[in-house]
2 protein chains.
Amino acid sequence: MAIKPVDLKKAYRLLQVGPTTMISAKHDGIENVMAAAWVGLVGNNKVMAYIGKQAFTRELVEKSGYYVVHVPTVQQMETVLYVGEHSAKEMDNKLEHIPLFYQEEFDLPLVEGSAGWLVCKVIPNAQNEQELDLFMGEIVGAWSDDRVFNNGHWIFDDAPDELRTVHYVAGGQFYAIGKGTKFNHGPGKD
Amino acid sequence: MAIKPVDLKKAYRLLQVGPTTMISAKHDGIENVMAAAWVGLVGNNKVMAYIGKQAFTRELVEKSGYYVVHVPTVQQMETVLYVGEHSAKEMDNKLEHIPLFYQEEFDLPLVEGSAGWLVCKVIPNAQNEQELDLFMGEIVGAWSDDRVFNNGHWIFDDAPDELRTVHYVAGGQFYAIGKGTKFNHGPGKD
């Protein structure tokens, strides 16, 4: 496998399948990773992420102005639950067993084993951040595991099942993305 | 099958799997339905929907203060593409072949065949609506097809495949939700 850069015009497709995500951030040498179920697209180049005031990661995002949205895979489901169940406010070594790596250009930690990673630069909006706990970010960098997302397209049907995206419901229940189908269609309207 | 009310405390789970959606609205007797890929949860009782200024549905939402987020199924994929490809601004009878029904309490059209429906009452926010095309809504009503979502839980593995949620990517390509798994886990933290 290779981790390849994703054309920023097509990076939104990493999120458009609606996966549960993880969010990482770093400030002043301090890293954290959290689980984030409520991350949505705003058009095809921006992300809106719900980061509650209890989240340790929130302070890192506020101070650094960046966060990374991960698109986790089935093989990472226990990691997603782990980072969601443990707070860095309550343990110093939360990430001790989480394999992280870095890409050039961005001093942001990426968790190994995801299908894709989107670097988001915060577009400050005090009202949304303080009143709604929403952090909007412009997608400024993206990579994918080329076994599952390549040339701007998901290729789940050709990839190992453990690389399928995860879609969390509640109480430990999740679904993997399933069967693909292709329709002919014209331009979107309303 | 039966269309059952969903406990509003658990209605967010209809969207948490990250489906592509349809949005319907009605004002002054005029109905419309649009496709909406960019609809996300904001916490467990609110929705944020991207509704572009070109959308005919937008005016109905602005004037009525309500919209309905649909959770479409595989059997509706052509309907999702149809309502996304045709604008009510360009045809008078866009919904002619779209089977609609109504529930008591709400004068809002629901498209038959979806897995779930969430009535959202707009929480006005001029900046988000005008600058970002985002309409936040509080979930004030919800129903599901009890063959696929019942007692607050998705039961895809026991339901017909044509009732699985759809996760659109681009260019007519979509994936259905897939295999389910259950993990034991504790309360969510960060």
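Residues numbered from 1 in each chain as written. Chains lettered and ligands numbered in written order. Predicted model: local features only at pLDDT ≥ 70, side-chain atom pairs only at ≥ 80, totals over all residues. Heavy atoms only, no water.

Worth spelling out the cut-off: UniProt positions are given in the numbering used here, feature names are shortened, and annotations may be inferred rather than shown by experiment.
Under the annotation held in an unreviewed UniProt entry, chain A carries the name NADH-FMN oxidoreductase RutF, flavin reductase (DIM6/NTAB) family and is attributed to Paenibacillus polysaccharolyticus. The UniProt entry for chain A carries the following comment under Cofactor (unreviewed entry): "FMN".

Quick word on the overall build of chain A
For clarity, the cut-off: Think of it this way: any DSSP run of H or I at least four residues long counts as a helix, any run of E at least two long counts as a strand, and we number them from the N terminus. Our radius of gyration looks at C-alpha atoms and nothing else; its globule reference is 2.2 Å times the residue count to the power 0.38. Burial classes follow relative accessibility: with a 1.4 Å probe on protein chains only, a residue under 20% of its type's maximum area counts as buried, one over 50% as exposed, and anything between as partly exposed. A contact between two residues is defined here by any heavy atoms of the two lying within 4.5 Å. Exposure was quantified through the Shrake-Rupley algorithm and a 1.4 Å probe, taking into account, for residues, occlusion by the shown protein chains and nothing else. Positive charges are assigned to Lys and Arg, negative charges to Asp and Glu, while His and the chain termini are left out of the count. The atoms used to mark charge sites are NZ of Lys, CZ of Arg, CG of Asp and CD of Glu.
Within chain A, the secondary structure is distributed over 4 helices and 14 strands. Its C-alpha atoms give chain A a radius of gyration of 16 Å, within 12% of the compact-globule value 16 Å for 190 residues. Along the three orthogonal principal directions, the C-alpha set of chain A runs to about 50 × 35 × 35 Å. Out of the 190 residues in chain A, the part that is buried amounts to 59%. Put simply, 67% of the contacts in chain A that link residues at least 6 apart link residues at least 24 apart. Only carbon and sulfur atoms are counted for the fraction: they give 47% of the accessible area of chain A, which is about 7800 Å². Positive and negative side-chain charges in chain A, numbering 17 and 25 respectively, have mean positions lying 9 Å apart.

Focus: the pattern of salt bridges
Threshold: For this analysis, a salt bridge means a side-chain nitrogen from Lys or Arg found within 4 Å of a carboxyl oxygen belonging to Asp or Glu.
If you walk through the whole model with that rule in mind, you get 18 salt bridges over all chains. Among the salt bridges present, the one from K53 of chain B reaches D133 of chain B, with a minimum N-O distance of 2.5 Å. Taken together, the positions of K53 of chain B in the loop between β5 (46-50) and α2 (56-64) and D133 of chain B in the loop between α4 (126-132) and β10 (134-145) put the pair 80 residues apart, joining distant regions of the chain. Overall, the relative accessible area of 46% leaves K53 of chain B in the partly exposed class. One salt-bridge network, in which partners are shared between bridges, spans K53, R58, E62 and D133 of chain A.

Observations regarding the relation of the copies chain B and chain A
For clarity, the cut-off: Least squares is used to superpose the copies, and the fit set is the C-alpha atoms of residues whose pLDDT is at least 70 in both copies.
Least-squares fitting of chain B to chain A yields an RMSD of 0.0 Å, with the transformation described by 0.0 Å of translation along the axis and a rotation of 180 degrees. Taken together, the rotation angle and the small translation identify this as a two-fold axis. Taken together, the interface assignments show that 100% of the residues at the interface of chain B recur at the interface of chain A, consistent with an identical surface on both copies.

Brief notes about the side chain of T21 of chain B
All names here are of chain B. Stated precisely, the cut-off is as follows: Counted as a polar contact is a pair of N or O atoms within 3.5 Å, where, for protein atoms, one must be capable of donating a hydrogen and the other of accepting one, and residues adjacent in sequence contribute only when both atoms are in side chains.
Looking at the secondary structure, you find T21 in strand β2 (residues 21-27). Polar contacts involving the side chain of T21 include one to the main-chain carbonyl oxygen of A36, which spans 2.7 Å. Not counting chain neighbours up to four residues away, the residues in contact with T21 comprise L15, M34, A35, A36, V39, V69, H70 and P72.

Here's the deal with the environment of S24 of chain A
All names here are of chain A. Relative to the assigned elements, S24 resides in strand β2 (residues 21-27). For the pair S24 and Y67, spaced 43 residues apart in sequence, the C-alpha separation works out to 5.8 Å. Setting aside chain neighbours within four positions, we find S24 in contact with N32, V33, Y67, V68, H70 and P109.

Topic: the sheet that holds strand β13 (residues 166-170) of chain A
Strand pairing in a sheet relies on backbone hydrogen bonds. The paired strands run either parallel or antiparallel. We apply this condition: Two strands qualify as a pair provided DSSP detects at least 2 bridges between them. Here, axes are lines fitted to C-alpha atoms. For helices the fit covers the stretch in contact, and angles between N-to-C directions go from 0 to 180 degrees.
Pairing within the open sheet is antiparallel, and its 4 strands lie in the order β13(A)-β14(A)-β14(B)-β13(B). Since the sheet does not close on itself, it has two edges, and those belong to β13 of chain A together with β13 (166-170) of chain B, each with one partner. Pairwise comparison of adjacent strand axes, ignoring direction, gives a mean angle of 35 degrees for this sheet. The sheet contact formed by β13 of chain B and strand β14 (residues 173-182) of chain B spans 4 bridges and is antiparallel. Pairing of H167 of chain B across the sheet is with Y175 of chain B, part of β14 of chain B.

Comments concerning helix α2 (residues 56-64) of chain A
Residue and element names in this part refer to chain A. As a reminder of what qualifies: Throughout, the arc means that of the directions going from the helix axis to the C-beta atoms.
Three or more residues of α2 are buried, namely T57, R58, L60 and V61. The buried residues of α2 all sit within an arc of 165 degrees when viewed along its axis, so they share a single face. Next to the buried residues of α2 lie β2, β3 (30-36), β6 (66-71), β9 (116-122), α4 (126-132) and β10 (134-145). Note on α2: the residue one or two positions beyond its end, G65, has a positive phi of about 80 degrees.

Observations regarding the interface of chain B and chain A
When the parts of a complex come together, some accessible area is lost, and that lost area is often used as the size of the interface. Which entries qualify depends on this criterion: Accessible surface is computed with a 1.4 Å probe, and the buried area is the amount of it that two parts give up when combined, taken over both parts together. Note that Gly is not counted as nonpolar here; it falls among the polar residues with everything else outside the nonpolar set of Ala, Val, Leu, Ile, Met, Phe, Trp, Tyr, Cys and Pro and the charged set of Asp, Glu, Lys and Arg.
Contacts between chain B and chain A engage 65 residues on the former and 65 residues on the latter. Together chain B and chain A conceal approximately 5100 Å² of surface at their shared face, both sides included; 55% is due to carbon and sulfur atoms. Where chain B touches chain A, the interface holds 0 salt bridges. At 10 residues, β14 of chain B tops the list of elements feeding residues into the side of chain B that touches chain A. Grouping the amino acids of the side of chain B that touches chain A by side-chain chemistry returns 31 nonpolar, 23 polar and 11 charged. Here 7 bridges tie strand β14 (residues 173-182) of chain A to β14 of chain B, and the two strands are oriented antiparallel to one another. Paired with Q173 of chain A across the bridge in β14 of chain B is K182 of chain B.

Things to note about the environment of N45 of chain A
Residues and elements named next belong to chain A. One can find N45 in the loop between β4 (39-42) and β5 (46-50). Classification of N45 as partly exposed rests on a relative accessible area of 35%. For the pair N45 and A55, spaced 10 residues apart in sequence, the C-alpha separation works out to 25 Å. When residues no more than four places from it in sequence are discounted, the contact partners of N45 are G137, E138 and I139.

A short note on the pairing of strand β3 (residues 30-36) of chain B
With 7 bridges joining them, β2 of chain B and β3 of chain B adopt antiparallel strand pairing. Looking at the pairing, A25 of chain B lines up with N32 of chain B of β3 of chain B.

Focus: the packing of aromatic side chains
We count it as follows: By convention, a stacked pair of Phe, Tyr or Trp rings (six-membered ring in the case of Trp) has centres within 6.5 Å and planes under 30 degrees apart, an edge-to-face pair has planes over 60 apart, and any other such pair is tilted.
A complete count under the given rule lists 16 aromatic pairs over all chains for this structure. Taken together, a centroid distance of 5.9 Å and an interplanar angle of 80 degrees make the contact between F106 of chain B and W143 of chain B edge-to-face. Of this pair, F106 of chain B sits in the loop between β7 (100-101) and β8 (110-111) while W143 of chain B sits in strand β10, and the two are 37 residues apart along the sequence. Accessibility assignment for this pair places F106 of chain B and W143 of chain B in one class, buried. An aromatic cluster is present here, built from F149, W154 and F156 of chain A together with Y175 of chain B joined pairwise through their rings.

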